[in-house]
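# Structure at a glance
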Amino acid sequence: MTDPRHADPDQPTSHSSAAGPGRHVAGTTSAPGAHAPGAHAASAGPSGRAAGDGPDGALSHRQIVTILIALMSGMFLAALDQTIVATAIRTIADDLKGLDHQAWATTAYLITSTIVTPLYGKLGDIYGRKKLFITAISIFLVGSELCTLSTSMTELAFYRAVQGLGAGGLFSLALAIIGDIVPPRERAKYQGYFLAVFGTSSVLGPVIGGFFAGHDTIFGITGWHWVFLVNVPVGILALGLVTKTLHLHHQRLDHRIDWAGAALLSVSLVPLLLVAEQGREWGWTSTNAIACYVIGALGAVGFFWQESRMGDEAILPLAMFRNKTVGISSIASIVIGVAMFGGLAALPLYLQIVKGATPTQAGLLLLPLTLGIMTGSITSGQIISRTGRYRIFPVTGAALLTLSLFAFHFVAYDTPLWQSMIVMVFFGLGLGFNFQPLTLAVQNAVPPQQIGVATSTATFTRQIGGTIGTAVFLTILFSLAPDKITSAFQRFAPTPDFQAALRDPANAAFAQQLQQSQTGGSTAAASGVLQDSSFLTSLDPRLAKPFLVGFSEAMDVVFLVGSGVMVIAIVVLALLPQVELRRGSAYTERSKAGEASRSDDDAVTAPAS
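Our subject in this report is the structure included herewith. Just so we're clear, the structure is a prediction, and the values are computed from it rather than from any experiment.

### Observations regarding the overall build of the protein
Counting secondary structure elements, the protein contains 21 helices and 5 strands. A total of 609 residues make up the protein; the buried ones form 58% of that total. Long-range contacts, defined here as pairs at least 24 residues apart, represent 80% of the contacts in the protein between residues at least 6 apart. If you sum the accessible surface of the protein, you get close to 23700 Å²; carbon and sulfur atoms cover 65% of it.

In structure tokens form, the structure reads like this:
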């Protein structure tokens, strides 16, 4: 019998407690006297349908699609926000006078979403994934509304951190539920639905973000504020869909929550990211920097001690990483996340600052990247579904990412856009080959009971890499940009074209500003563009050239470092083992295990004849 103390008061309690901790199971209530092993029951609707229309109680295609509708609505919310902000961040940072601090608007979001991702996995086992999914959407909406109140980049970073607290659950919970109800071998068939979410957001997000950022006001509200306000109607729709279509019957199992592990993880990450962002101003060996190094190192030591002490209840169970597939995939995800987010952060800046594209135009120019992602994901998904072999795709994808980032290194300020867009396609292919296969490998390598923790671990490691990559690469960019711009001024200032432009009466104001900064060797002008680059769009192209060349050369270094990082990923992924994909869902395998366990118990307790 189910222990009523552990049963969700809002759900039927006819599920056997023999199913194991925190599990999602397809179905609703059991027939009288029947056992329904598992803790979470996923059904297509409230009609009380049986455990599923497929063999062994597996969900039918129709039931899975109905559940996917609810999951995709939440994932669309998070995916849309990321792409909208990516193309609008330059306009936002210019308006808030902090272009060189824009990394914090991204890293603050990534820090909080990264730290809470494992917590959502544990809390979902206790309180049910549906409740946590709704909570995540609600927190995300509150953070979105707060972002519109920002008056500085510091405030925006803080409010984006609130957004991240919600976003951390949107992807991991959705992927965990799919990992429960769809077999690994069949999971690729449903990739198209998730691709529709990412593809639509990748197309609409940059265009919508650019449209909002390109208007001074819309209905009396500053244009870029709508970048965050648009999340409100989308989020309300998502809440409605989740409430109506996502039915997960949950049997609670009490876990210890590793709050200390989450706190120590924060202590280890935040100081290191802080010094990555502020190191160029403080000095990398300054007192503040050294203090951050020490606090981060102590936090990391404390975190690993705490995780070892907590065992299976840890926020990141260390024993799981002893599994070769999980360990290799996790290391690879961190490395790929570093290069991926670094590249994705630099590309919109290149298009807007160097090529002079508006935010809307920059969004459209990134469509080849989206095409590459969708093509890579669809191709890998279909082949994996037919063959059951996934290892080749992460390795190939890592190679494509390496070559693409290295090719971006040669893109100059005057490189034709069509050449850059060809490289974007291959960059997208590399990402598409890595998105699903690595998550699939981790989910397939662990027992069905650990699907939730494994999924959150896969998401967590990728976000860790993304957080590090965004902070480090944008720090490299804005650290090098002043020197690169100054060097470009020294090369171009003596040229006849530049001197003729300075003598043009239409450029008198800029000529006067440049003359005032001569004592600093044009460093003042270089520093000024890092605060607000919007003046470049109206500046005489002959005078803007040193700024554009300087930015482009600084970005070349970012892409070169990124390609070097990806070489490490290739080496790591070469060690990834090929494990045969299971043909049964986590639900059906847990059901069989539960039935076998009960049969053994009955055999032991049966009276001797």
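### Notes on a nonpolar patch on the surface
Together, Leu 272, Trp 284, Ile 290, Tyr 293, Val 294 and Leu 298 line one region of the surface with nonpolar side chains, adding up to about 570 Å² of accessible area. Its place among the elements puts Val 294 in helix 10 (residues 287-310).

### Thoughts on helix 14 (residues 392-408)
The terminal C-alpha atoms of helix 14 lie 24 Å apart, and with 17 residues this matches the ideal 24 Å at 1.5 Å per residue to within 8%. Every buried residue belonging to helix 14 is among Phe 393, Pro 394, Gly 397, Ala 398, Leu 400, Leu 401, Thr 402, Ser 404, Leu 405 and Phe 408, and all of these are buried. Close packing links the buried residues of helix 14 with helix 11 (324-354), helix 13 (367-387), helix 15 (417-445) and helix 20 (541-573).

### Quick notes on helix 11
Helix length check: helix 11, at 31 residues, gives a terminal C-alpha distance of 44 Å against a target of 45 Å (1.5 Å per residue), a fit within 8%. The element helix 11 is extensively covered by neighbouring structure, given that 26 of its 31 residues are classed as buried. One or two steps after helix 11, the chain reaches Gly 356, where phi turns positive at roughly 75 degrees.

### Brief notes about the pattern of salt bridges
Counted by the stated rule, this structure contains 3 salt bridges. Between Asp 504 and Arg 542 there is a salt bridge, with the nearest N and O atoms lying 3.8 Å from each other. Pair noted here: Asp 504 is in the loop between helix 17 (496-503) and helix 18 (508-516) and Arg 542 is in helix 20, with a separation of 38 residues, a long-range link. Given a relative accessible area of 27%, Asp 504 falls into the partly exposed group. Residue classification places Arg 542 among the partly exposed positions, given a relative accessible area of 33%.

### What to know about the packing of helix 3 (residues 129-147) against helix 8 (residues 231-245)
Interaxial distance between helix 3 and helix 8 falls to 10 Å at its minimum, and their mutual angle equals 170 degrees. Comparing the axis directions of helix 3 and helix 8 gives the class roughly antiparallel. Taking contact as the criterion, the partners of Lys 130, Phe 133, Ile 134, Ile 137, Ser 138, Phe 140, Leu 141, Ser 144 and Glu 145 in helix 3 are, on helix 8, Asn 231, Val 232, Gly 235, Ile 236, Ala 238, Leu 239, Val 242 and Thr 243. When grouped by side-chain class, the residues that make up the contact of helix 3 with helix 8 number 10 nonpolar, 5 polar and 2 charged.

### Things to note about empty space enclosed by the protein
For the structure on display, the rule yields 4 cavities of 30 Å³ or more. In this structure, the second largest cavity is lined by Ser 333, Ile 336, Met 340, Leu 431, Asn 434, Phe 435, Leu 438 and Arg 462. Where the lining of the second largest cavity is concerned, the elements lending two or more residues are helix 11 and helix 15. Sorting elements by how many residues they give to the lining of the second largest cavity places helix 15 first, with 4 residues. Of the residues belonging to the lining of the second largest cavity, the class tally is 5 nonpolar, 2 polar and 1 charged.

The rules we used
Residues numbered from 1 in each chain as written. Predicted model: local features only at pLDDT ≥ 70, side-chain atom pairs only at ≥ 80, totals over all residues. Heavy atoms only, no water. Helix = DSSP H or I, 4+ residues; strand = E, 2+ residues; numbered from the N terminus. Buried < 20%, exposed > 50% of the residue type's maximum accessible area, 1.4 Å probe, protein only. Contact = heavy atoms within 4.5 Å. Areas by Shrake-Rupley, 256 points an atom, 1.4 Å probe, with all protein chains shown as cover. Patch = residues over 30% accessible without salt bridge, like charges linked within 9 Å, V, L, I, M, F, W, Y side chains within 5 Å. Salt bridge = Lys/Arg side-chain N within 4 Å of Asp/Glu carboxyl O. Expected span 1.5 Å × (residues − 1). Axes fitted to C-alpha atoms, helices over the stretch in contact; angles between N-to-C directions. Parallel < 35°, antiparallel > 145°, perpendicular 65-115°, else oblique. Nonpolar A, V, L, I, M, F, W, Y, C, P; charged D, E, K, R; others polar. 1 Å grid on protein atoms, 1.4 Å probe; cavity = no way out; pocket = protein on both sides within 12 Å on 5 of 7 lines; lining within 4 Å. Points joined across faces, edges and corners; volume = space filled by probe spheres on them.

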